[in-house]
Structures are given as structure tokens and as C-alpha cells.
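Structural characterization, general
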Amino acid sequence: MKPVASVSLDLDNLWAYLKTHGDPAWERRPSFLASAVPRLLDVFGEQGLTTTVFVVGADAERDDGAAAVAAITAAGHEVANHSFGHEPWLHRYSAAELETEVVRAERAITAAGAPVPVGFRGPGYSVTPQLLRVLAGRGYRYDASVLPTWIGPLARAYHNRTAGVSGDAADLFGGFGKVKAPNEPYRWRASGLVELPVTTMPLLRVPIHGAYLLQLHQISPRLARGYFRTALRLCRARGVSPSLLLHPTDVLTTAEAPGMEFFPGMAVPGPAKVALLGWVLSLLRRHFDVVGTGEHVARVSASVLRERDPVACG
């Protein structure tokens, strides 16, 4: 049997990217869900994949977001919680604010027709011991917020250079210490939740998800494909079951995402993006049994997972 791998989609909307970037246009709540969701579901359908989609509660409350949740659920994909307001600084929230954030998103997601979520991913890979306690108290089975890489400060510097430094952006994406986090599933000792990290390239600990592949694709399509092939070879050699993260921008053009010219990979034409995503998923399926994050967690939970103290997160 093939080893397990998973695919998940963070359904971040246009307004959320603009808000984090400091663009006041976000207040008009522009959306690209109507373009992105059918395209992504088509790609998943062509690959025969069942994935997990992390949904923002504020979007699930609006008509196009509720329609997206309904379509995702009808196609058999898991719907998980991606917070209510998609603010990548959940590490600054109080326990009461975290509880409200999680509950509001849950209610919006279930009102749109999805089952009660059992998985969570913090925007901007933001996770704290308080958040883990809130999730455990509400019956969540897993968190998927950790990105075990050293690249966070560099991503933050790029963000600040393109957006202008703001107080909210000052500590985005974590520090170099995140490179010490495990690159495989583990269990938080205090809460009992399973953590399913967003996989980075074994040994090098550099991200391998869509935005980074597309940035390399702008330089050379061959380079992007070689980079991902190398990542999967290392995963297989090191016994890492990859959890691959996608975003709507992986299939959208700049015309469909106005104001996001700053975002990595946005200069790649739409058809080329779709072709690259199809190739990535096909290659992943060739070597792994690809499921959603909830099923990935269910399979690894039967084994003895390494435990980690929640004070080490962040």
C-alpha cells in the first residue's frame, strides 16, 4: 500500500489578503470565490481527490461563501475551521476572544450546510496554547496551523516591504525557531489534539506549497517541477507523509484578484497555474494515497505519536 498524504485548501478570500496587506479596499469585502471554487473543485474532481477545505466564517455568512460551502460539502470534501475574521495575529487574542472566534466560524459553517468542523487552521500559521485549549474544549480532533520552516522572518520582511510596516504586521508568520517544530504529525501533550503540520521540504525545511512553487515557475517551469519532485523524493526517503497546502491564488489570474499583484506567483497565467496544480496533484497521487487532512489524522492517530508541549508553539 502507498503511504498516506493529504491535500488541504485554505479558502482565503480577496478581502482577507487585502486586509492583511493593509489595503483599505478590503472594507468593501471584494470576493473571488465565485471564480476560484468551481475551478478548484474541477481540478480535484479530475484527480479523483477528496480534500479538506478550511473555510473563513465571515465568508460562510455571505451568499457566495455559503454557496461555496454547499458545493464543497456536496462534492464530498471535509470543511474545517479557518477562524471567523482571518486575522493572522490570533496569538494576540485573549482566551475569550479565541473562543468567540472559533464559535462564530463554527456557526457560520454549519449554517451553510456543512457538518460541525473537527479541524482548525489558524490564519498565518498562528497557534498558541490558549487556542489549543479552546479547540480541545470544543471537541476538535486536530489542528493544522504549524509551518515548520525558518522562512517566516523573510516572508514577514517581504510583506512589510510591499505593504509598509504596520503594528499588526510586526510579528506575522513567526520566527526562525519554527524550524525546530516536527515535520510530521504529533500530539500536543496538554490538549491531546493531533497537530498535522503543513509539510516543508525535509532537511532544507523550505515551503513546498503553491505560492512558492508558482514563484519558482515565474523563473522557470522546469525549476518549479524539479523543486517539487525533489521534495517528494525527500519525503519518501525520510518517511514523511506530506500534507500539501493550496490557496485560491493557485488558480487565479491578476485580473480575477485585483490588488494582489504583490502576491508571489500572480504573474503566472491562469491556464499555466491550473496545469501546474494538476501536475502537482498527479505526481503526489502517483506516490501516495492522497486524502483530506481529517482522514490523514484519523490514519496516523492509530499509531503512537510523538508528544510536544504547547509552550513550544507559536
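Please refer to the structure higher up on the page.
In short, a report on the structure. It should be emphasised that the depicted structure is a prediction, and the values quoted were computed from it without experimental measurement. (Residues numbered from 1 in each chain as written. Predicted model: local features only at pLDDT ≥ 70, side-chain atom pairs only at ≥ 80, totals over all residues. Heavy atoms only, no water.)

Here we look at the overall build of the protein
Of regular secondary structure, the protein possesses eleven helices and ten strands. Taking 314 residues into account, the globule formula puts the C-alpha radius of gyration at 20 Å, and the protein, at 18 Å, falls close to it. Taking the principal axes of the C-alpha coordinates as reference, the protein spans close to 45 × 45 × 40 Å. Burial statistics for the protein: of 314 residues in total, 57% are counted as buried. For the protein, contacts bridging at least 24 residues in sequence account for 76% of all contacts bridging at least 6. (Helix = DSSP H or I, 4+ residues; strand = E, 2+ residues; numbered from the N terminus. Rg over C-alpha atoms; globule rule 2.2 N^0.38 Å. Buried < 20%, exposed > 50% of the residue type's maximum accessible area, 1.4 Å probe, protein only. Contact = heavy atoms within 4.5 Å.)

Focus: helix H4 (residues 63-74)
With twelve residues, H4 extends 16 Å between its outermost C-alpha atoms, agreeing within 8% with the 16 Å of an ideal straight helix rising 1.5 Å per residue. Buried residues of H4: Gly65, Ala68, Val69 and Ile72, and no others. Down the axis of H4, the smallest arc covering the buried residues is 100°, so these residues share one side. For H4, the exposed residues set more than 90 degrees away from the buried face come down to Asp63 and Ala74. Along its buried surface, H4 packs onto helix H2 (33-47), strand S2 (52-55), helix H3 (57-60), strand S3 (78-81) and helix H5 (95-111). Gly76 sits one or two residues past H4 and shows a positive phi near 90°. (Expected span 1.5 Å × (residues − 1). Arc of directions from axis to C-beta.)

Thoughts on the packing of helix H8 (residues 210-219) against helix H9 (residues 221-238)
The relative placement of two packed helices comes down to the angle between their axes together with the axis-to-axis distance. Across the interface, H8 lies against H9 with an axial gap of 5 Å and an inter-helix angle of 145°. Residues Leu213, Leu216, His217 and Ile219 of H8 form the contact with H9, whose participating residues are Pro221, Leu223, Ala224, Tyr227 and Phe228. When grouped by side-chain class, the residues that make up the contact of H8 with H9 number eight nonpolar, one polar and no charged. (Axes fitted to C-alpha atoms, helices over the stretch in contact; angles between N-to-C directions. Nonpolar A, V, L, I, M, F, W, Y, C, P; charged D, E, K, R; others polar.)

Considerations on a positive patch on the surface
Judged by side-chain charge, Arg229, Arg233, Arg236 and Arg286 come together as a positively charged surface patch. Examining the composition of the positive patch, we find that three residues originate from one element, H9, more than from any other. Relative to the assigned elements, Arg236 resides in helix H9. For Arg236, a relative accessible area of 46% gives the class partly exposed. (Patch = residues over 30% accessible without salt bridge, like charges linked within 9 Å, V, L, I, M, F, W, Y side chains within 5 Å. Areas by Shrake-Rupley, 256 points an atom, 1.4 Å probe, with all protein chains shown as cover. Salt bridge = Lys/Arg side-chain N within 4 Å of Asp/Glu carboxyl O. Lys, Arg positive; Asp, Glu negative; His and termini not counted. Charge placed at Lys NZ, Arg CZ, Asp CG, Glu CD.)

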